[in-house]
Amino acid sequence: MKTAVCYYSRHHGNTRKVLDAMADEGNLDLIDVTTRQTVRLEEYDCIGFASGIYGFDVQKAVVEFARQYLPQGKSVFFVYTYGGAKGSGAKSMVEIAREKNCPVLGEFSCKGYDTFGPFKLIGGIAKGHPDTQDLENARKFYRKIQAQNPQG
Ligand SMILES: Cc1cc2nc3c(=O)[nH]c(=O)nc-3n(C[C@H](O)[C@H](O)[C@H](O)COP(=O)(O)O)c2cc1C
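Residues numbered from 1 in each chain as written. Predicted model: local features only at pLDDT ≥ 70, side-chain atom pairs only at ≥ 80, totals over all residues. Heavy atoms only, no water.

Some points on the overall build of the protein
Moving on, step 1. Broken down by element type, the protein carries four helices and five strands.
Moving on, step 2. On C-alpha atoms alone, the protein measures out to a radius of gyration of 15 Å, which is about the 15 Å that the 2.2 N^0.38 rule sets for 152 residues.
Moving on, step 3. C-alpha atoms of the protein, sized along the principal axes, occupy 45 × 30 × 25 Å.
Moving on, step 4. Each of the 152 residues in the protein was classed as buried or not, and the buried ones make up 48%.
Moving on, step 5. Long-range contacts, defined here as pairs at least 24 residues apart, represent 79% of the contacts in the protein between residues at least 6 apart.
Moving on, step 6. Just so you have it, the protein exposes about 7,700 Å², and 49% of that area is on carbon and sulfur atoms.
Moving on, step 7. Averaging the positions of the 20 positive and the 17 negative side-chain charges in the protein gives two centres separated by 3 Å. (Helix = DSSP H or I, 4+ residues; strand = E, 2+ residues; numbered from the N terminus. Rg over C-alpha atoms; globule rule 2.2 N^0.38 Å. Buried < 20%, exposed > 50% of the residue type's maximum accessible area, 1.4 Å probe, protein only. Contact = heavy atoms within 4.5 Å. Areas by Shrake-Rupley, 256 points an atom, 1.4 Å probe, with all protein chains shown as cover. Lys, Arg positive; Asp, Glu negative; His and termini not counted. Charge placed at Lys NZ, Arg CZ, Asp CG, Glu CD.)

Below, the structure written as structure tokens:
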């Protein structure tokens, strides 16, 4: 199965760490939505969208990327990391999937080290996350996604 994940990860690279763990399971292309590139998502069997939570929501750039490039009817999954209050979580990405008749295979989230604003003064929250257990859970999640999409 050929899979790509379109992602945004800036604060501490927490989301990227989760995606790197998933990529350990094989056959996963990671596409940073902020780098200018030609994107052909048609050639993948399954597409993930991933982001940290910033201001109680995923990064708009990821949602816009999905709106622009996600082909109709493609299987999708969602990944996000958050410091303590996930807010809307994957909701805005789920809405795009619905608009484009894309089956949602699953959603993975875990805590990610957060030193935003006042949290910096106390040394941050969700320290050490994603931790070993989070990354193992992420690998397990991706194995399940792969099992749902056996072609290729
Ligand atoms: C500007 C900003 C806003 C954030 N807002 C939230 C929030 O609303 N809720 C939350 O739980 N975490 C929030 N966080 C923490 C991040 O979601 C968390 O650290 C996440 O793992 C960052 O992912 P990244 O390292 O891949 O960018 C915020 C972080 C930043 C920098």
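Focus on the side chain of Lys-74
Moving on, step 1. For Lys-74, the position within the fold is in the loop between helix H2 (60-69) and strand S4 (75-82).
Moving on, step 2. Despite being buried, Lys-74 has no salt bridge partner; Asp-45 is the closest side chain of opposite charge, sitting 6.1 Å away. (Salt bridge = Lys/Arg side-chain N within 4 Å of Asp/Glu carboxyl O.)

Some details on helix H4 (residues 132-148)
Since one α-helical turn is 3.6 residues long, residues separated by three or four positions face the same way.
Moving on, step 1. If you check H4, its first and last C-alpha atoms are 25 Å apart, about what 17 residues at 1.5 Å a residue would give, namely 24 Å.
Moving on, step 2. Here H4 has its buried residues at Asp-134, Leu-135, Ala-138, Arg-139, Phe-141, Tyr-142 and Ile-145. Across the axial projection of H4, the buried residues extend over an arc of 160°, all falling on one side. What points out from H4, more than 90 degrees from its buried face, is the exposed set Thr-132, Lys-144 and Ala-147.
Moving on, step 3. Residues of H4 that are buried make contact with strand S1 (3-8), helix H1 (14-23), strand S2 (28-32), strand S3 (46-52), S4 and strand S5 (104-111).
Moving on, step 4. Regarding H4, its N-cap is Asp-131, as a side-chain oxygen of that residue lies 3.2 Å from the backbone nitrogen of Gln-133 further along. (Expected span 1.5 Å × (residues − 1). Arc of directions from axis to C-beta. Polar contact = N/O pair within 3.5 Å; in protein donor to acceptor, adjacent residues only side chain to side chain.)

Re the sheet that holds S5
Moving on, step 1. Ordered by their spatial adjacency, five strands build an open sheet running S2-S1-S3-S4-S5, and the pairing between neighbours is parallel. Because the sheet does not close on itself, it has two edges, and the strands there are S2 and S5. Here the strands of the sheet are splayed against their neighbours by 20° on average, with no regard to which way each runs.
Moving on, step 2. In terms of strand pairing, S1 meets S3 through six bridges, oriented parallel. What sits directly across from Cys-6, in S3, is Phe-49.
Moving on, step 3. Relative to S5, H4 is tilted by about 175°, and along the sheet it contacts S1, S2, S3, S4 and S5. (Pairing = 2+ DSSP bridges. Axes fitted to C-alpha atoms, helices over the stretch in contact; angles between N-to-C directions.)

Side note on helix H3 (residues 91-99)
Moving on, step 1. Listed in full, the buried residues belonging to H3 are Ser-92, Met-93, Ile-96 and Ala-97. Taken end-on, H3 shows its buried residues confined to a sector of 145°, consistent with a single buried face. Facing away from the buried side of H3, by more than 90 degrees, are the exposed residues Lys-91 and Arg-98.
Moving on, step 2. Its buried side turned inward, H3 meets S3, H2, S4 and S5.
Moving on, step 3. Looking one or two places after H3, you find Asn-101, whose phi comes out positive at around 55°.

In short, shape yes, function no, at least from these values alone.
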